[in-house]
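Examining the three-dimensional arrangement
Residue-level listing of the chains:
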Amino acid sequence: MPFRFVRHAALAVAPVLLLALSMLVSVSVPISVQAHSPMTSVTPADGARLTSAPATIEMRFRDPSRLIRFGLAAAEDGTDVALGDDHLMVEAADHTVTLPPLGAGSYVASWRAMGEDGHVIKGRFSFTIAPE
Ligand SMILES: [Cu+2]
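About the cut-offs
- Residues numbered from 1 in each chain as written.
- Predicted model: local features only at pLDDT ≥ 70, side-chain atom pairs only at ≥ 80, totals over all residues.
- Helix = DSSP H or I, 4+ residues; strand = E, 2+ residues; numbered from the N terminus.
- Buried ≥ 20, exposed ≤ 12 C-beta atoms within 10 Å, placed from the backbone.
- Contact = placed C-beta atoms within 7 Å.
- Pairing = 2+ DSSP bridges.
- Core = buried A, V, L, I, M, F, W, Y, C linked by C-beta atoms within 7 Å.
- pLDDT = per-residue confidence, 0-100.

1. Topic: the overall build of the chain
Along its length, the chain carries 1 helix and 6 strands. Along the chain direction, N to C, the helices and strands of the chain fall in the order α-β-β-β-β-β-β. A total of 132 residues make up the chain; the buried ones form 12% of that total. Sequence-distant contacts in the chain: of pairs separated by 6 or more residues, those separated by 24 or more amount to 63%.

Okay, here's the thing in structure tokens:
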């Protein structure tokens, strides 16, 4: 009898545990995306409108992070801008991406970085070069 009672109690608790677990997962995922060494600034700033082409992109993270991917593409047709890879896999809070000469137009940068705790964060930003 006592054994039977325990089994029933366990069965009654199981759905509650599952529900609690699923709530924990759904709540913790969006938080973990933001909590780990977010990018705190980028130059050119997201949405910036520049009158001349920038020579570099500077990214600053809250904590040391490694850029594991950095892509820059023309917004109009998605053409990738060829970049070196000196900026990749360097553990630092500040990262500099050296740019080739860029023509007028809008560009979208997308990046992926790994924080010291191994978590991957990612983001996008864009800027426009519009010579006067
Ligand atoms: Cu983390």
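Moving on from the model shown.
2. A short note on the pairing of strand β6 (residues 120-129)
A regular strand carries its side chains on alternate faces of the sheet. Of the pairings in the sheet, the one linking strand β2 (residues 48-50) to β6 comprises 3 bridges and is parallel in character. Across the sheet, the residue bridging to arginine 49 is threonine 128, located in β6. For strand β5 (residues 105-115) and β6, the ladder comprises 10 bridges, and the chain directions are antiparallel. Within β6, the position partnered with arginine 112 by the bridge is lysine 122. Hairpin geometry of β5 and β6 is characterised by an intervening segment of 4 residues between the two adjacent antiparallel strands and by a positive phi of about 90 degrees at glycine 118.

3. A look at the nonpolar core
Core analysis: the biggest nonpolar cluster contains 12 residues, these being Val42, Ile57, Met59, Phe61, Leu67, Leu72, Val97, Tyr107, Ala109, Trp111, Ala113 and Phe127. Put simply, the parts of the chain that give this core at least two residues each are β3 (56-74) and β5. Considering each element in turn, this core owes the most residues, 5 residues, to β3. Residues in contact with alanine 109, not counting those within four places in the same chain, are Ile57, Gly71, Leu72, Arg124, Phe125 and Ser126.

4. Notes on the environment of leucine 50
The topology assignment puts leucine 50 in strand β2. Residue leucine 50 is classed as partly exposed on the basis of its 15 C-beta neighbours within 10 Å. Residues leucine 50 and alanine 130, 80 residues apart in the sequence, show an inter-C-alpha distance of 5.9 Å. With residues near it in sequence (within four places) discarded, leucine 50 still touches Pro44, Phe127, Thr128 and Ile129.

5. Re the environment of alanine 130
If you trace the backbone, alanine 130 turns up in the segment after β6. Take alanine 130: there are 12 C-beta atoms within 10 Å of it, and that puts it in the exposed class. For the pair alanine 130 and threonine 51, spaced 79 residues apart in sequence, the C-alpha separation works out to 5.1 Å. In this view, alanine 130 contacts Arg49, Thr51 and Ala104; residues no more than four positions away in its chain are not counted.

6. Thoughts on the confidence of the model for the chain
In the predicted model, the chain carries a mean pLDDT of 84, and the fraction of residues at 70 or more is 73%. Here helix α1 (residues 2-35) stands out as the element of the chain with the lowest mean pLDDT, 52, in contrast to β2, whose mean of 98 is the highest. Predicted confidence is poor over residues 26-33, with pLDDT under 50, and the contacts of this stretch with residues over four places away or in other chains come to 2 contacts.

7. Re unusual backbone geometry
Look at the link from threonine 43 to proline 44: it is a cis peptide, with omega at 0 degrees. Here proline 44 lies in the loop between β1 (39-43) and β2. Phi is positive for methionine 89, which is not a glycine, with a value near 65 degrees. Locating methionine 89 in the fold gives a position in the loop between β3 and β4 (92-98).

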